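# Overview (structure and organization)
So you can see what is in the structure, the chains are spelled out below.
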Amino acid sequence: MGMGGLDTVLEGVLLGGVYALFAIGLSLIFGIMRLVNLAHGDIVVFAAYMILTATAAAGVSLVVATVVTIVIMFAAGFALQRLVLERVLGDDILPPLLVTFGLSIVVQNGLLLVFGADSRRLQAGAFESSSIALAPGLSVGLAPLIALITAFVVVVLLQVLFYRTALGRAFRATADNPQIAQLMGIDQRNVYALAVGLSLAVSTIAAVTFGIRSNFDPSIGPARLLYAFEAVIIGGLGSLWGTLAGGIVLGLAQTIGGRIDPEWQILAGHLAFLIVLIFRPRGLFPSRRR
Amino acid sequence: MTTDRLPDGHVVAETSAMTKPVWRLQSATRLSRAAGVAAIVIFPLLILVPAVASRNLLQDLIFVFTMLALAQLWNVLAGWGGLISVGQQAFVGLGAYGLFAAVALAGFDPLLAIPMAGCLAAIAAAILGPLMFRLEGPYFAIGSWVVAEALRLGCAQFKPLGGGTGMSLSSAALANMTGTRWAEALFGIRAAAARDVVVYWIALLLVVGITFSIYLFVRSRLGLGLAASRDNNAAARSVGVRTYRIRYLLWVLVAFATGMVGALVYLQKARISPDAAFSVVDWTAYVLFVVVIGGVRTIEGPILGVLVLWALQFNLSGYGSLYLLLLGLIAIFVMLFMQRGIWGSAAARWDLQLFPARKLLVRDDS
């Protein structure tokens, strides 16, 4: 493999970091609640617009805007679960699927009404275009590298939360068996609401890294949702490390496909996903629990 | 399969001693009989609509019929079959592309091209089936969407049909469509309007045929087996229901019909592009809206739902995103507060059945 090949691999891994970060919020509630959130992509785009509004209109710095948005999105997620999703969660997966699909249409068109169809980008100063030279002729952009590192750090932090705290134990217990967890004194309603809140908070982090790296407009949510789902399913249900790996597999497939023919980039990602499903219907790293 | 023989002699002896009550299975209600009569009256009237309707109304009705057909198909697949697909736009798009290939590239009569397009969709479904059926629940939903996206991108690579930008059907290719000349002469209209009339009749035929077939299917043994496999796959298999075979058959047949509807829609539009033909909003979001508003797992529900969609579209479609936002909000509210949809709730409350699928045991004392 020459330098060109190494370059492609590196680019694919970095792209995978962005996809993984996008997918972690989805993976969280899919793993804990078995909830398929079809509005996830639009929620990330929504968070990006909130940060954009805070920085461009209110003149707040990007970091402050992000922190404030994380808090707001956490509260919004908590409320979303308690007021809406809680009413439709059950054995039948159709009602939550339909509600989140409706939510996706609402968020998407709401953003279109308020912000129009123009594509936007978050401004991060010199940071967004600077790059680091790893070797002669081989350099990586700082923004994509930070996205990958952020994804890694977020997974580590969530693993600590899951395996070292009481809340994490409650998450795992509820994921394993909601009825028995409830018998053991865990308030399932709170656990689920916290999980959705956490998912939306993580989605905000995804929104920043993604909004700096590429343009966004109100209509891109569903396509991004699909990449995120592919990452989650390639990685295996209930495994955050799996989601990170899944994002990287998808990023690699897209980048390699794109090198063969630019028009093949997205298609190559979808084909990689379908091939993984043919051979490993439960993903590459499914957790032992179902 | 073996069944245990019951000691039936004992039972027979006991009942024959008394006056024998006559039991029979009954599905029809007074209302459903009235609905049947109404359908027999309305159908010929709908055939005659092109004689009096404006071209705009005719195109609206084509929209209503094709949307209703897609909604019924999704409803039987997801509602009765439990195969919750978010990717039925795959078969709409394949049907549309099949029609364009047959008409524009091979020069077939567009009418003949419609069932050919359906066959293309069915073949694709038959090939994809074994892969898709390894996935369950949410995996199936997402997988079906990914397949639709992959097919969209694949069609965008197909340069003879215009690649990513799509193409239009020339009026020369459409000129030899069977029935057009006849409709032209009959109503004294121009070729384009006559084509709409023929498309209208086919749309009517498709929606009535699909609705009636689905009704017969859900009442049949196969339909019962399908519902059983949705509710509890393992239990259904344990009593001898061939769940995989029934689901596979349903999946392929639904794709065939969906492909024909897609072909018809794009025959009327006479212009195709991958983004439009494989649009998740046009061919899945609207369809879900129709089913959800009316009532999942009922045949009457989508009929009511499509009328609601038509009314909203007629009054609000000029508002663009606001209209879609409203549709999304209505869908959410219905799922939260009226999970069985408008028809489903009304039917449960007042015991209404226009297409009764249940069987009641009725005792006749004579």
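Description of the structure in this document. One numbering rule holds for all chains: residues counted from 1, following each sequence as written. Following the order in which they are written, the chains are lettered starting with A and the ligands numbered starting with 1. Only residues with pLDDT of 70 or above have their local features reported here, since the model is predicted, and side-chain atom pairs are shown and tallied only from 80 upward, although totals for entire chains, interfaces and linings are computed over all residues.

### Considering the interface of chain A and chain B
Once C-beta atoms have been placed from the backbone, residue pairs whose C-beta atoms lie within 7 Å are recorded as contacts. Between chain A and chain B, the contact holds 34 residues from the first and 35 residues from the second. Of all the secondary structure elements, the ones that give two or more residues to the side of chain A that touches chain B are α4 (94-115), α9 (221-235) and α11 (265-279) of chain A. Side-chain classes are defined by residue name, with Ala, Val, Leu, Ile, Met, Phe, Trp, Tyr, Cys and Pro counting as nonpolar, Asp, Glu, Lys and Arg as charged, and the others, Gly among them, as polar. Split by residue class, the side of chain A that touches chain B holds 27 nonpolar, four polar and three charged. Strands are runs of DSSP state E lasting at least two residues, helices are runs of H or I lasting at least four, and both sets are numbered from the N terminus onward.

### Looking at the nonpolar core
Any set of buried Ala, Val, Leu, Ile, Met, Phe, Trp, Tyr and Cys residues joined through C-beta atoms within 7 Å is what this text calls a nonpolar core. For the exposure call, what matters is how many other C-beta atoms sit within 10 Å of a residue's own: 20 or more marks it buried, 12 or fewer exposed, and in between partly exposed, using C-beta atoms placed from the backbone. Of all hydrophobic cores here, the largest spans 202 residues; its most connected members are Ala48 of chain A together with Leu99 and Leu264 of chain B. Ala48 of chain A has contacts with Leu122, Ala207, Phe210, Gly211 and Phe216 of chain A, leaving out every residue within four places of it along the chain.

### Topic: the packing of α9 of chain A against α11 of chain A
Residue and element names in this part refer to chain A. Where α9 contacts α11, the axes come no closer than 10 Å and their chain directions differ by 30°. As judged from the angle between their axes, α9 and α11 are roughly parallel. Here α9 and α11 pass one another in a crossing that is left-handed. Contacts from Tyr227, Glu230 and Ile234 in α9 reach Gly269, Phe273 and Val276 in α11. The axes used here are C-alpha line fits, helices contributing only the stretch in contact, and every angle between their N-to-C directions lies in the interval 0 to 180 degrees. Here roughly perpendicular refers to angles of 65 to 115 degrees, roughly parallel to angles under 35, roughly antiparallel to angles over 145, and oblique to all remaining angles. Each crossing gets its handedness from the near helix: less than a right angle anticlockwise from the far helix is left-handed, clockwise is right-handed.

### Let's talk about the environment of Gly118 of chain B
Residues and elements named next belong to chain B. When you line up the elements, Gly118 lands in helix α5 (residues 110-132). Exposure remark for Gly118: the 27 C-beta atoms within 10 Å place this residue in the buried category. For the pair formed by Gly118 and Leu360, sequence separation is 242 residues and the distance between their alpha carbons is 37 Å. In this structure Gly118 touches Gly95, Phe256, Ala257, Gly259, Met260 and Ala263, once residues within four positions along its chain are discounted.

### Notes on the environment of Ser130 of chain A
Residues and elements named next belong to chain A. Mapped onto the elements, Ser130 comes out in the loop between α4 and β1 (131-135). Ser130 sits in the exposed class, given 11 other C-beta atoms within 10 Å. Residues Ser130 and Ala143, 13 residues apart in the sequence, show an inter-C-alpha distance of 7.7 Å.

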